[in-house]
Amino acid sequence: MISKEAVKRGYNRGNYVVGAPTQPHYAASIETIGSEAYFQADVVVVPEAVVAELEAAADQVVTDAASVVEGTRDWWAGTMIGETAGTPATPDAVIVKVSTTEQVQAVMRIADANDLPVTVSAGRSNVTGAALPVRGGIVLDVCELNRFVSFDEESQIVEVEAGMFGDVFEELIQSEYGMTMGHWPSSYGISTVGGWVACRGAGQLSTRYGKIEDMVYGMDVVLADGSLITVGESARAAVGPDLLQLVIGSEGTLGVITTIRFKLHRLPAYGRAIAYGFPTFAAGLEACRQIMQQGANPAALRLYDNLESGVQFDLPEQNVLLVADEGTQELVDAGLAISERICAETGVKLDDEAIFERWLDTRYLTGKSAEGFTRSPGFVADTLEMIGRWRDLPAIYDEVVAAINAVPGTLAGSAHQSHAYVDGACLYFSLRGDVEVDRRAEWYRAAWDAANAVILKHDATLSHHHGVGLLRAPYMAESLGAGFEVLRAVKAALDPKNRLNPGKLGLDA
Ligand SMILES: Cc1cc2nc3c(=O)[nH]c(=O)nc-3n(C[C@H](O)[C@H](O)[C@H](O)COP(=O)(O)OP(=O)(O)OC[C@H]3O[C@@H](n4cnc5c(N)ncnc54)[C@H](O)[C@@H]3O)c2cc1C
């Protein structure tokens, strides 16, 4: 029912481009496009003869700087800061558009033969700079690699090419087969199924359906030398370490995902929600912990702090918890009965229907972290999602909000708990600042440094679903410790010439 409602109500009230990348909000306020690049150094230029080879191998090659600027722009606040100051993020590259796996292989072989970096690009909805070609070279645009391949009804496994956009995919499986994947990121209309996998994303109903890494059955991946491998392909396995999971979340640094097999679920007709208010965020977190650990598994378990409860539900005195579920009626009712008993111990009952309806109606509007604030020229809003143990989350919440608020120029930090598990949960922080226009980058990095210092101190994990890109690169070595050298070794083994998306995940550019 919640999955059905998403398709019925549409993404961002229909205000986006269907089946192709949507430009971010800030694009409309870019006044000048200078020639100096904000995020490129040591650029590798694609020689004209190689452009001709690429033209023969692919559907289209885009070389003019204005189109490259527009065609590499993403939704990251860091890119916004550069581009609205007249410094385009990555003007030096050629965009190569492909629509078949064979073309992807051919482009990788050309890149390999000519020492060229390749950065895969899809919906460009990432909020970390992950698809920016920081060394120039080739941007491999896979948005036209977007066919629906097949559906195995008995096993509930669907096969689809990586560049299909999420809304197109869900509409198709709902209307043709009465199925849902249950993956509902707040960007589902502006991102691709391959981008979901490459970033290890999460949807709003992940508590019931899992994260994207739980939904992939198998996939085909083109490696840096142009060879094609298939990974996964079983419900579970004991054939050594899981190569499928190695590629999921690799953000285009280990291979190009071309075709994916996903596990589907039957589209539920039944769903409902309850809502409670808690005196403190910590009390709400405790209710969430109990719900998860007592075995209820609602599709969505979302707890908003005072600030966000005020903006989202006009309830600034409360920390609002929405427990929403869909599925077979007996299961949904049982899970919500457990949740209701737990919530009633320390919370106050709110108007379930009004809060559920408000959430259903507004959850796919873009730009939510800026809501309630004035977008002046020096305004910057961003979101930081992390995951930690239940034991540590109340302290992490208090300390991260305090750390963000202590950075001069901050307007407000806030958070909601967005995804929950038996052992911990994801806190989704929003940070907003307003400073002189040319101090935005400084404020931005100071706020991220302050928040991440708290996360690292608690041995929590830097990101739950947005990924690393350029944004979190500076914190990766400390976060992974000695494990970071293992990541480096894996990269060196699979991509010894560092062709694929150099400079991301904290790896060398
Ligand atoms: C308003 C908004 C809300 C968002 N909400 C969520 C959310 O709820 N949950 C969530 O998880 N994310 C969310 N995001 C972040 C973003 O939408 C996701 O990271 C998404 O998965 C990116 O997909 P994309 O197709 O846009 O990929 P891109 O941005 O084009 O690329 C992202 C990365 O994946 C790599 N990549 C893309 N396709 C492939 C491929 N086929 N093979 C190999 N590498 C590839 C790129 O090289 C790059 O490193 C949100 C973003 C916005 C702007």
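Residues numbered from 1 in each chain as written. Predicted model: local features only at pLDDT ≥ 70, side-chain atom pairs only at ≥ 80, totals over all residues. Heavy atoms only, no water.

Q: Can you break down the environment of Leu 322 residue by residue, with the values?
A: Checked against the element boundaries, Leu 322 lands in strand S14 (residues 319-326). Classification of Leu 322 by relative accessible area gives buried; the value is 0%. Along the chain, Leu 322 and Arg 289 lie 33 residues apart, while their C-alpha atoms are 14 Å from each other. Setting aside its immediate chain neighbours within four residues, Leu 322 contacts Ala 273, Ile 274, Ala 300, Leu 301, Arg 302, Ile 355, Phe 356 and Trp 359. (Helix = DSSP H or I, 4+ residues; strand = E, 2+ residues; numbered from the N terminus. Buried < 20%, exposed > 50% of the residue type's maximum accessible area, 1.4 Å probe, protein only. Contact = heavy atoms within 4.5 Å.)

Q: Can you lay out the site of the ligand for me, pointing to particular residues and giving the numbers?
A: Taken together, 34 residues lie near the ligand, and Val 120, Ser 125, Ser 187, Thr 192 and Ala 202 sit nearest. Contact distances for the ligand include 2.6 Å between an oxygen atom and a backbone N or O atom of Val 120. Interatomic distance of 3.1 Å between a backbone N/O atom of Ala 130 and an oxygen atom of the ligand. When the ligand sits alone it has 970 Å² of accessible area, and the protein chains cover 96% of it. Of all the secondary structure elements, the ones that give two or more residues to the shell around the ligand are strand S3 (118-121), helix H7 (193-199) and strand S10 (256-263). Split into classes, the residues belonging to the shell around the ligand amount to 15 nonpolar, 17 polar and 2 charged. Summarising the domain contributions, the shell around the ligand has at least three residues from each of domain 1 (25-141) and domain 2 (146-266). (Near = heavy atom within 4 Å. Polar contact = N/O pair within 3.5 Å; in protein donor to acceptor, adjacent residues only side chain to side chain. Areas by Shrake-Rupley, 256 points an atom, 1.4 Å probe, with all protein chains shown as cover. Nonpolar A, V, L, I, M, F, W, Y, C, P; charged D, E, K, R; others polar. Domains from an automatic or database assignment.)

Q: Summarise the sheet that holds strand S2 (residues 94-97); cite the residues concerned and give the values.
A: If you trace the 4 strands from one edge of the open sheet to the other, you get S1-S2-S4-S3, paired in mixed fashion. Here the strands that pair on one side only, and so sit at the sheet edges, are strand S1 (60-62) and S3. Across the sheet, the mean angle from the axis of one strand to that of its neighbour is 25 degrees, orientation sign disregarded. Pairing of S2 with strand S4 (residues 138-141), which is carried by 4 bridges, proceeds in the parallel orientation. Bridge pairing links Lys 97 to Asp 141 in S4. On top of the sheet, helix H5 (residues 101-113) reaches S2, S3 and S4; it is set at about 175 degrees to S4, its chief contact. (Pairing = 2+ DSSP bridges. Axes fitted to C-alpha atoms, helices over the stretch in contact; angles between N-to-C directions.)

Q: Requested: an account of helix H1 (residues 2-9), with residues and values cited.
A: Considered for burial, the residues of H1 that qualify are Ile 2, Ser 3, Glu 5 and Ala 6. Within H1, the buried residues cover an arc of 160 degrees as seen down the axis, which keeps them to one side. One or two steps after H1, the chain reaches Gly 10, where phi turns positive at roughly 85 degrees. (Arc of directions from axis to C-beta.)

Q: Give a detailed account of unusual backbone geometry, specifying residues and quantitative values.
A: Of note, Asp 115 is a non-glycine position whose phi angle comes to about 55 degrees, a positive value. Among the residues examined, Asp 115 registers a relative accessible area of 52% and is labelled exposed.

Q: Break down the sheet that holds strand S18 (residues 424-434) for me, citing the residues and quoting the values.
A: The strand order S15-S12-S14-S13-S17-S18-S16 describes an open sheet built from 7 strands, whose pairing is antiparallel. Only two strands of the sheet have a single neighbouring strand rather than two, namely strand S15 (348-349) and strand S16 (379-389). Two strands pair when backbone bridges link them, and strand S13 (residues 300-304) and strand S17 (residues 410-420) are joined in this way by 2 bridges, in the antiparallel orientation. Residue Tyr 304 lies in a different strand from S17, and its bridge partner there is His 416. Lying over the sheet, helix H15 (residues 440-457) contacts S16, S17 and S18, oriented at roughly 10 degrees with respect to S16.

Q: Before we move on, could you go through the UniProt feature "domain: FAD-binding PCMH-type" (unreviewed entry) in the protein chain and cite the residues and values that matter?
A: Under the UniProt annotation, "domain: FAD-binding PCMH-type" (unreviewed entry) lies at residues 87-267. Across residues 87-267, helical content stands at 23% and strand content at 25%; the span's end C-alpha atoms are separated by 46 Å. (UniProt positions renumbered as here; feature names shortened; annotations may be inferred.)

Q: Account for helix H14 (residues 393-405), with residues named and values stated.
A: Helix length check: H14 (13 residues) gives 18 Å between terminal C-alpha atoms against 18 Å at 1.5 Å per residue, within 8%. Those residues of H14 not exposed but buried are Leu 393, Ile 396, Tyr 397, Val 400, Val 401, Ala 403 and Ile 404. Considered in projection along H14, the buried side chains sweep an arc of 160 degrees and stay on one side of the axis. Tucked inside the fold, the buried residues of H14 contact helix H10 (281-293), S16, S17, S18 and H15. (Expected span 1.5 Å × (residues − 1).)

Q: So what about the UniProt feature "site: Important for enzyme activity" (unreviewed entry) in the protein chain? Which residues, and what values?
A: Under the present numbering, the feature "site: Important for enzyme activity" (unreviewed entry) in UniProt falls on Arg 302. Summarising the element assignment, Arg 302 is placed in strand S13. Classification of Arg 302 by relative accessible area gives buried; the value is 8%. Setting aside residues no more than four positions away along its own chain, Arg 302 makes contact with Gln 204, Val 320, Leu 321, Leu 322, Trp 359, His 416, Gln 417 and Ser 418.

Q: Just give me the short version of the domain arrangement of the protein chain, but keep the residues and values in it.
A: When its domains are assigned, the protein chain resolves into domain 1 (25-141), domain 2 (146-266), domain 3 (271-362), domain 4 (368-468) and domain 5 (472-509). Each of domain 1 and domain 2 has a C-alpha centre, and these two points are 24 Å apart. Contact with domain 1, which involves 15 residues of that partner, is made by 18 residues of domain 2. Regarding the contact of domain 1 and domain 2, the summed buried area is about 1200 Å², with carbon and sulfur atoms giving 63% of it. At the junction of domain 1 with domain 2, the criterion picks out 0 salt bridges. The interface formed by domain 1 and domain 2 contains 4 residue pairs in polar contact (both at pLDDT 80 or more). In terms of residue count, the dominant contributor to the side of domain 1 that touches domain 2 is H5 (6 residues). Residues belonging to the side of domain 1 that touches domain 2 are distributed by class as follows: 7 nonpolar, 6 polar and 2 charged. (Buried area = accessible area lost by both parts, 1.4 Å probe. Salt bridge = Lys/Arg side-chain N within 4 Å of Asp/Glu carboxyl O.)

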